[in-house]
Amino acid sequence: MSITETKFIDLLEQYKVIIPPIQRDYAQGRNNEEVRRIRHRFLNNISDVLAEDYNDAPLKLDFIYGYLVKDEGEENKKDSIPIFKPLDGQQRLTTLFLLHWYTAVTENKITDENQALLANFSYATRDKCRKFCEKLIHFIPNQEVDSKPIKLQIENQPWFFISWQSDPTIASMLVMLDAIETVFNTNNLKNVWEKLTGDSPKIVFYLLEMKGLGLPEDLYIKMNSRGKSLTNFEHFKSQFSGIIPDSMVPIFNQKIDNQWSDLFWDIHKANESTNIDIAAEVDQSFLNFYQYITDLLITTKNITIEDGYWQEVANTVYRNNERNVNYLFDALDTFVNQQKNNPHYFFEYLYVSKTDFSVSKVRLFFNSAETNLFYKCAQVYNIEQRNAFSIGEQLMLYAMMRHLQEDIVGFSDKIRKIRNLIIASDDNIRKEYLKVLYKDIDNILNDKNLEDDSQFSKQQLSEESIKSNIISNNQTLKSPIYKLEDHNLLRGSVSIMGLTEDNDITSYATMFDTIFSRDTDESYKMISRAMMSIDDYSQDYSYGKRRIGNNNASIWRELFTKSDRRKGFDNTREILQQYLKIFLDNPDTSNQSIINNYSQESYPWNYYFAKYSSFSNFKSGYYFWGQYKFKPYECFMMNRKQFNGHHWNPFLLELRNQHKNYCSIDDYGNDLQFAYENCILNIRMYNNNFEFYAPEEDSVSNIAISRIIEHGILDKNASIVVPQDTEGYDLNDRIRLCSNTLLDIERFLIDL
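Remember, it's a predicted structure, so these values are computed and weren't measured experimentally.

### Let's talk about the overall build of the chain
A count of helical and extended segments in the chain gives 31 helices and 18 strands. Compactness check: the chain gives a C-alpha radius of gyration of 39 Å against a globular reference of 27 Å for 752 residues, more than 25% above the reference. Overall, the chain is about 125 × 75 × 50 Å in size when its C-alpha atoms are taken along their principal axes. A burial count over the chain gives 50% of its 752 residues as buried. The contacts of the chain with a sequence gap of at least 6 include a subset with a gap of at least 24, amounting to 65%. Distance from the positive charge centre (83 side chains) to the negative charge centre (106 side chains) of the chain: 1 Å.

What follows is the structure, encoded as structure tokens:
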């Protein structure tokens, strides 16, 4: 085995270079984005060293290694030379072959001797690739000013088969020749042949020859399987060490294969017995965390990124910037030390399951929440796609990392405050606000006031101040308040509980947790109906929509969080307090008994919601009123936020449910239809009456209505008037009133 520094033409003088069949296709001419960047960068580097004014060291293309075999067909000839079959370096060698051919034909260096040398390079991956190289060597393109590009000239030759355009290696070679021609013309490169082949060549590589090893074909497959290129991680390692300052390269090279590798291996080691490629998972986890830190630096340092390709980003962030490289290295070392010295660090401050509550911990409510934020970041962080590591988690991890590095005083309370603010500020937890949000986190950790441009909810900040004062005056309230904050329906915002020092926070908090922890659809519905029996607790979204709790926990969470987008929060809070007090005064009571005990002289619309289950059979949590104040009974129950989804008049829907044998109603807000034999009656409800009418052309039904009126079941306007008091509230239950009328009509029609 020997290692020599050489140039391409010397290699062809010593050996026939044959790319063996087992090797993959030539790839540097592919047209995907990543390869285009690699090709552009490689040719620019070549162009730089071939320029007229370049006098520095040659471009060194690293190691090219392979093994030597005898050419059996030529072994009896005196001038026969051995064959060199590359194991690694095929791509670079092919590009150098194309570069030398192009230079020779454009600088009139294509002598018999040079053609013979170039003929010592051949492709054996497919017969057509070998033939293409042979034909190319003997082709002299037209170099007139108005001649076509070389790529097109080649494709127009009679020896060029159209099918060759579909061969991946030949197609890539043509693309590379076109790119070489562009670089030569753009940079006006001259006298290149001498710079490639002379005594002081500008492009060299290290040749590693392995003689007489007789490597079998299966070893080729293991070392360089067809189609398998460098992984993203391998590419990162090889390129990043050339970006960072030279003094930091030894640290990078040592740690990336040792401490840092072990750090990410620990995340995936539980899968060692599975079919998962653990090494690939470990490599990707490193890259994910690297991307998180890089994005953090871009944001906090206000770095402008003009090209999003990872290597250009790395150049912008880390080249000639020792401080940023140190930040990356320190972040990695921080978690190496954490994993070694305090593997339970995240569990000391964070938890997910309700049963793990502790005053010193804060509960996480993110999608697919994991306590170990570092592990989750490493596993799923990807800024280019829909990021499964949310911005809220990114902020929390940043705070956790700072505490590891600086030992923040009072950190458990501060990380709780951060969690509360993140959840309450959902509208502003966006990528465009990240710089300000990171600054907000720093200010909280440093006990500083937030800036005027803070993106955290002003209402939540006010609540945090109130809670802090209450706890400062009475430490025994810390546990109940924190437990409330960690309730799934509150998630940090507990102003719905009416926090004051005079309020019995502990008792109300305990009762709230008891009642709202029965996470079943029916229990939520019953809570909503029981609260409605106290008063209308709905909140106004404007444009006629009002929000009401049903079996969806997220709707209750919304109602229990104060927002400028809704009106009526204070009213909801007051009704919730009355509701909880009923249970505090009588622990044996139930939602059903609260509903059953509803008793008033009049029947406001919320009475019907409490009494009749049909009123809570909706998904969206929205009701719609045209005039909530003046016509409270004219409303629609919405299955979606808009009218393009199912919606019903809930009073008519309840009547349909009570009279299914004869009544029906469609799903888009239509009137109730009563049908008995040949008689069809439509029923429309207004704020103070029900109106009956028959289809206009239906004489049978119109005659029936006339007789029903004559019989006194309906008034002369074919209506049922609902008596109301001076404030516009029903004096009778309108559903019972109309239901009894329908029963009378049924009996009347049966007797006809």
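### A closer look at unusual backbone geometry
A negative phi angle characterises most non-glycine residues, just as the trans form characterises most peptide bonds. Of note, N320 is a non-glycine position whose phi angle comes to about 55°, a positive value. For N320, a relative accessible area of 73% puts it in the exposed group. Within the chain, Y543 stands out as a residue other than glycine whose phi angle is a positive 55°. Structurally, Y543 can be placed in the loop between β9 (539-542) and β10 (545-547). Note on Y543: relative accessible area 75%, which makes it exposed.

### Let's talk about the packing of aromatic side chains
Counted by the stated rule, this structure contains 71 aromatic pairs. Ring centres of F624 and F643 lie 5.0 Å apart, and the angle between their planes is 85°; this geometry places the pair in the edge-to-face category. With F624 in strand β11 (residues 622-625) and F643 in the loop between β12 (635-638) and β13 (647-648), this residue pair connects regions lying 19 residues apart in the sequence. Here F643 falls in the partly exposed class, since its relative accessible area comes to 35%. Directly above the aromatic system of Y482 lies the positively charged group of R416, at a separation of 4.1 Å from the ring centroid. Geometry around F651 places R734 over its ring, the cationic atom sitting 5.7 Å from the centre.

### Some points on the nonpolar core
Grouped together as the largest cluster of nonpolar side chains are 86 residues, with contacts concentrated most on F516, Y579 and F692. Excluding residues that lie within four positions of it along the chain, Y579 makes contacts with I515, F516, I527, A530, M531, I534, N591 and I594. Listed in part, the 72 residues of the second largest apolar core include L297, I298, F329 and F374.

### A short note on the pattern of salt bridges
Throughout the structure, instances matching the rule amount to 31 salt bridges. Note that R126 and D25 form a salt bridge whose closest N and O atoms lie 2.5 Å from each other. Of this pair, R126 sits in the loop between β5 (121-123) and α5 (127-137) while D25 is found in the loop between β2 (16-19) and α2 (33-50), placing the two residues 101 residues apart along the sequence. Overall, the relative accessible area of 13% leaves D25 in the buried class. Notably, a salt bridge pairs E691 with R684, separated by 3.3 Å at the nearest N-O pair. A residue is classified by how much of its surface remains accessible, and R684, at 27% relative accessible area, is partly exposed.

### A word on the packing of α5 against helix α7 (residues 168-187)
As a packed pair, α5 and α7 sit with axes 9 Å apart at the nearest point and diverge in direction by 30°. Residues K128, C129, F132, C133 and L136 of α5 form the contact with α7, whose own contacting residues are T169, I170, M173, L174 and L177. Residues belonging to the contact of α5 with α7 are distributed by class as follows: 8 nonpolar, 1 polar and 1 charged.

### Observations concerning the pairing of strand β16 (residues 679-685)
Within β16, 5 of the 7 residues are buried, leaving the element largely enclosed by the surrounding structure. Here strand β15 (residues 672-676) hands over to β16 after 2 residues, with E677 in that stretch at a positive phi of 50°. By the bridge criterion, 4 bridges tie β16 to strand β17 (residues 689-693) in an arrangement that is antiparallel. In the strand pairing of β17, N682 is matched with Y693.

### Some words on the side chain of T197
For T197, the position within the fold is in helix α8 (residues 192-197). Among the polar contacts made by the side chain of T197, one reaches the main-chain carbonyl oxygen of W193 at a distance of 2.8 Å. Discounting chain neighbours no more than four positions away, the residues touching T197 are K7, I9 and H100.

What counts and how
- Residues numbered from 1 in each chain as written.
- Predicted model: local features only at pLDDT ≥ 70, side-chain atom pairs only at ≥ 80, totals over all residues.
- Heavy atoms only, no water.
- Helix = DSSP H or I, 4+ residues; strand = E, 2+ residues; numbered from the N terminus.
- Rg over C-alpha atoms; globule rule 2.2 N^0.38 Å.
- Buried < 20%, exposed > 50% of the residue type's maximum accessible area, 1.4 Å probe, protein only.
- Contact = heavy atoms within 4.5 Å.
- Lys, Arg positive; Asp, Glu negative; His and termini not counted.
- Charge placed at Lys NZ, Arg CZ, Asp CG, Glu CD.
- Phe/Tyr/Trp six-rings, centres within 6.5 Å; stacked < 30°, edge-to-face > 60°.
- Lys NZ or Arg CZ within 6 Å of the ring centre and 35° of its normal.
- Core = buried A, V, L, I, M, F, W, Y, C linked by side-chain atoms within 4.5 Å.
- Salt bridge = Lys/Arg side-chain N within 4 Å of Asp/Glu carboxyl O.
- Axes fitted to C-alpha atoms, helices over the stretch in contact; angles between N-to-C directions.
- Nonpolar A, V, L, I, M, F, W, Y, C, P; charged D, E, K, R; others polar.
- Pairing = 2+ DSSP bridges.
- Polar contact = N/O pair within 3.5 Å; in protein donor to acceptor, adjacent residues only side chain to side chain.

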